[in-house]
Amino acid sequence: MSIDDKEIVKQLEDPKTQRKAFSLIVSQYTEPLYWKIRRIVLTHDDANDVLQNVFIKAWTNIGDFQNKSKLSTWLYRIAINESLDFLRKQKAASAISADEDVSVANRLMADEYFDGDETEAQLQEAIAKLPDVQRTVFNLRYFDEMKYSEMSKLLDTSEGALKASYHLAVKKITEFFKSHD
């Protein structure tokens, strides 16, 4: 049974029901947040780690939620920011250790939780090569079928910039597949 966000927010404001309300958030948003994160960080274990960080950050900053946006928008923004932070840290770490020469496609095919085929792995390889913003916009539009207006609120940027990022991402992914035939 899912309780609507307005009721959860109301319970969050009361110290007596705050923990229960946060438990509802965790139970209702674990799966959708996991998949948003997974599309950005790619592997199951990394997605679980980032998801834990998202809930820790949400709990720590619950007092900062001002109810100006939907609860889901606030959580998705935290998830995207945590995912991008994770990728930046991962890039910095892999720049230090150059022995990480395994492609994204190979890592995915070795991930026991990955249920896609070689084409899906190649698509994820192409997506992983995109700049962070283009990758995020592509994932939200292509996999989540999110409208640009919704994305604009989530990422705090104009719809025009999002459309441009998406079309550049599609062009780069298409070029990736053409060069890997």
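Residues numbered from 1 in each chain as written. Predicted model: local features only at pLDDT ≥ 70, side-chain atom pairs only at ≥ 80, totals over all residues. Heavy atoms only, no water.

Draft legend 1. Local environment of empty space enclosed by the protein. Under the defined criterion, the tally for this structure stands at two cavities of 30 Å³ or more. When its volume is computed, the largest cavity comes out at roughly 40 Å³. Every residue lining the largest cavity is listed: Thr 73, Tyr 76, Met 146, Glu 150 and Leu 154. Within the residue set of the lining of the largest cavity, elements represented by two or more residues are helix 4 (71–96) and helix 8 (148–155). Looking at the lining of the largest cavity residue by residue, the classes come out as three nonpolar, one polar and one charged. Empty space within the second largest cavity amounts to approximately 30 Å³. Residue lining of the second largest cavity: Lys 36, Arg 39, Ile 40, Ile 80, Thr 136, Asn 139, Leu 140 and Asp 144, and that is the complete set. Looking at the lining of the second largest cavity, the elements that each hand over two or more residues are helix 2 (18–41) and helix 7 (132–143). Split by residue class, the lining of the second largest cavity holds three nonpolar, two polar and three charged. (1 Å grid on protein atoms, 1.4 Å probe; cavity = no way out; pocket = protein on both sides within 12 Å on 5 of 7 lines; lining within 4 Å. Points joined across faces, edges and corners; volume = space filled by probe spheres on them. Helix = DSSP H or I, 4+ residues; strand = E, 2+ residues; numbered from the N terminus. Nonpolar A, V, L, I, M, F, W, Y, C, P; charged D, E, K, R; others polar.)

Draft legend 2. Examining helix 2 more closely. Across its 24 residues, helix 2 extends only 30 Å between first and last C-alpha, which sits more than 12% below the 34 Å expected from 1.5 Å per residue. Looking only at helix 2, the buried set comprises Ala 21, Phe 22, Leu 24, Ile 25, Tyr 29, Leu 33, Tyr 34, Lys 36, Ile 37, Arg 38, Ile 40 and Val 41. Following helix 2 by one or two positions, Leu 42 has its phi on the positive side, about 80°. (Expected span 1.5 Å × (residues − 1). Buried < 20%, exposed > 50% of the residue type's maximum accessible area, 1.4 Å probe, protein only.)

Draft legend 3. Representation of the confidence of the model for the protein in the model. Confidence along the protein averages 84 in pLDDT terms, with 85% of residues attaining 70 or more. Taking the mean pLDDT of every element in the protein, the minimum, 58, falls on helix 5 (residues 104–110) and the maximum, 94, on helix 3 (residues 44–60). Across residues 96–101, confidence stays below pLDDT 50; counting only partners more than four residues off in sequence or on other chains, it has two contacts. (pLDDT = per-residue confidence, 0-100. Contact = heavy atoms within 4.5 Å.)

Draft legend 4. How the structure looks around unusual backbone geometry. Despite not being glycine, Leu 42 shows a phi value in the positive range, around 80°. Overall, the relative accessible area of 8% leaves Leu 42 in the buried class. Positive phi, close to 55°, is recorded for Asp 156, a residue that is not glycine. By secondary structure assignment, the location of Asp 156 is in the loop between helix 8 and helix 9 (159–179).

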